[in-house]
Amino acid sequence: MAESMIAGLLRQKMVMPEQIAASHPRANRRAELNEKYKIRVFEDNAEAVGSGRENEHSIVALCVKPQRLDGVLHELKDVVSLNQIVLSIIAGAKIETLAEELNNQKIVRAMPNTPSQIGAGITAWTCTDAVDENERAQIKALLTALGKELYVETENMIDMATSLSATGPTYIFMVMEALTDAGVHLGFSRETAKELVQETMLGSVLFAMELRKHPAELRNMVTSPGGTSADAIYQMEKGGLRTVLSKAVYAAYQRAVALGEKK
Ligand SMILES: NC(=O)c1ccc[n+]([C@@H]2O[C@H](COP(=O)([O-])OP(=O)(O)OC[C@H]3O[C@@H](n4cnc5c(N)ncnc54)[C@H](OP(=O)(O)O)[C@@H]3O)[C@@H](O)[C@H]2O)c1
């Protein structure tokens, strides 16, 4: 995710390579990032953050796995300066915890998703009142390096977005896989079934976005009386597809909330 952010920022020419400082514990990864993007690299997280302390518009992005967070917060405790904005994309990391541990009130919590890796993600984000209008505009710009961004009013909405859009690719990939398998079951080669399914999914999304109609209306448009769609819909309803998806999203939401609860 951090690399996607770096790549997007440079691709869109939002910053110069020397304005980015990245830290990584592994030397080969540091060398790779330095070679590929010409950015400054550090072994020590505190040193990377410290290198931006004097810059008024410096953003400290926390992009480690949740289980590494405690250690990183400990390393950064007295390092983040008051003019730096802390942006965390870490699932379950609460604004209150970040503010307390880093002794900084300018906290942004964001939740991207996997398509961010190709600049086609959607990131829900929110922030504390201490982040002013200019800084919010700066965060918006930074998050467009990952694709689209959407400001949400409350931190609970980040947990909601975690279950809907951040976990979202999982639902889509499973549907994609199931449809491809169904095509193979019918007798198509896997390659042909995959192409038919992927293009159908992509085209349907673009079509829905273009027409801006309710999905039920779009579905009705292709459901002729006694036709193939009507039979398919009957089976999907009988199998509880909507309920299963709704339960899956709710289970992911409950998990996101539980992850964020203080131990
Ligand atoms: N991927 C997603 O779709 C997605 C979506 C929303 C939110 N997120 C959140 O984004 C965060 C990062 O996810 P990711 O998928 O980018 O994980 P990732 O690919 O594992 O990236 C984390 C990187 O941090 C490095 N690292 C390990 N310990 C470190 C330390 N002490 N200091 C600095 N760097 C350290 C890891 O190195 P090693 O490889 O050597 O361990 C790895 O390169 C997670 O908290 C996740 O909840 C991810």
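Numbering of residues begins from 1 in every chain and follows the order in which that chain's sequence is written. Reporting of local features is limited, given that this is a predicted model, to residues whose pLDDT is at least 70; pairs of side-chain atoms are given and counted only at 80 or more, and all residues count toward the totals for whole chains, interfaces and linings. Heavy atoms from the whole structure form the basis of all side-chain values; hydrogens and water molecules are not counted.

### Points about the site of the ligand
Then, in step 1: If even one non-hydrogen atom of a residue comes within 4 Å of a molecule or strand, that residue is called near it. Close contacts around the ligand come from 18 residues, with Met1, His24, Arg26, Asn45 and Val64 the closest.
Then, in step 2: Identification of polar contacts relies on pairs of N or O atoms within 3.5 Å, with a donor-acceptor requirement for protein atoms, meaning one able to donate a hydrogen and the other able to accept it, and with residues adjacent in sequence counted only if both atoms are side-chain atoms. At 2.8 Å, a side-chain N or O of arginine 26 approaches an oxygen atom of the ligand.
Then, in step 3: Here an oxygen atom of the ligand sits 2.6 Å away from a polar atom, N or O, in the main chain of valine 64.
Then, in step 4: Where accessible areas are quoted, they stem from the Shrake-Rupley method and a 1.4 Å probe; at the residue level, only the protein chains shown are allowed to cover. Taken by itself the ligand offers 890 Å² of open surface, and the protein chains cover 72% of this.
Then, in step 5: Note that Gly is not counted as nonpolar here; it falls among the polar residues with everything else outside the nonpolar set of Ala, Val, Leu, Ile, Met, Phe, Trp, Tyr, Cys and Pro and the charged set of Asp, Glu, Lys and Arg. Grouping the amino acids of the shell around the ligand by side-chain chemistry returns 11 nonpolar, 4 polar and 3 charged.

### A look at the layout of surface pockets
Then, in step 1: Its boundaries defined by the atoms lining it, the largest pocket holds a volume of some 2600 Å³.
Then, in step 2: The element that contributes the greatest number of residues to the lining of the largest pocket is helix α9 (residues 190-211), accounting for 13 residues.
Then, in step 3: In terms of residue class, the lining of the largest pocket is built from 31 nonpolar, 10 polar and 5 charged. A cavity here means a set of 1 Å grid points, computed over protein atoms only, where a 1.4 Å probe fits but cannot escape. A pocket is an open set with protein on both sides within 12 Å along at least 5 of 7 lines, and lining residues have an atom within 4 Å of a point. Grid points are joined across faces, edges and corners, and a volume is the space filled by probe spheres set on the points. Strands are runs of DSSP state E lasting at least 2 residues, helices are runs of H or I lasting at least 4, and numbering of each runs from the N terminus.

### Looking at the pattern of salt bridges
Then, in step 1: Think of a salt bridge as a Lys or Arg side-chain nitrogen and an Asp or Glu carboxyl oxygen that are within 4 Å of each other. All told, the structure shown has 12 salt bridges when counted by the stated rule.
Then, in step 2: Notably, a salt bridge pairs lysine 36 with glutamate 3, separated by 3.0 Å at the nearest N-O pair. Note that lysine 36 is positioned in helix α2 (residues 27-37) and glutamate 3 in helix α1 (residues 2-11), a separation of 33 residues in sequence.
Then, in step 3: Glutamate 217 is the partner of lysine 213 in a salt bridge, and the nearest nitrogen-oxygen pair spans 3.7 Å.
Then, in step 4: In this structure glutamate 217 comes out as partly exposed when scored by relative accessible area, which is 41%.
Then, in step 5: Residues joined in a network through salt bridges with shared partners are Glu3, Arg29, Glu32 and Lys36. For the exposure calls, accessible area comes from a 1.4 Å probe over protein chains only, and a residue counts as buried if that area is under 20% of its type's maximum, exposed if over 50%, partly exposed in between.

### What to know about the side chain of glutamate 135
Then, in step 1: Note on placement: glutamate 135 falls in helix α6 (residues 133-143).
Then, in step 2: Residues are treated as being in contact if the distance between any of their heavy atoms lies within 4.5 Å. Leave out the neighbours within four places in its chain, and glutamate 135 touches Ile85, Lys106 and Ala130.

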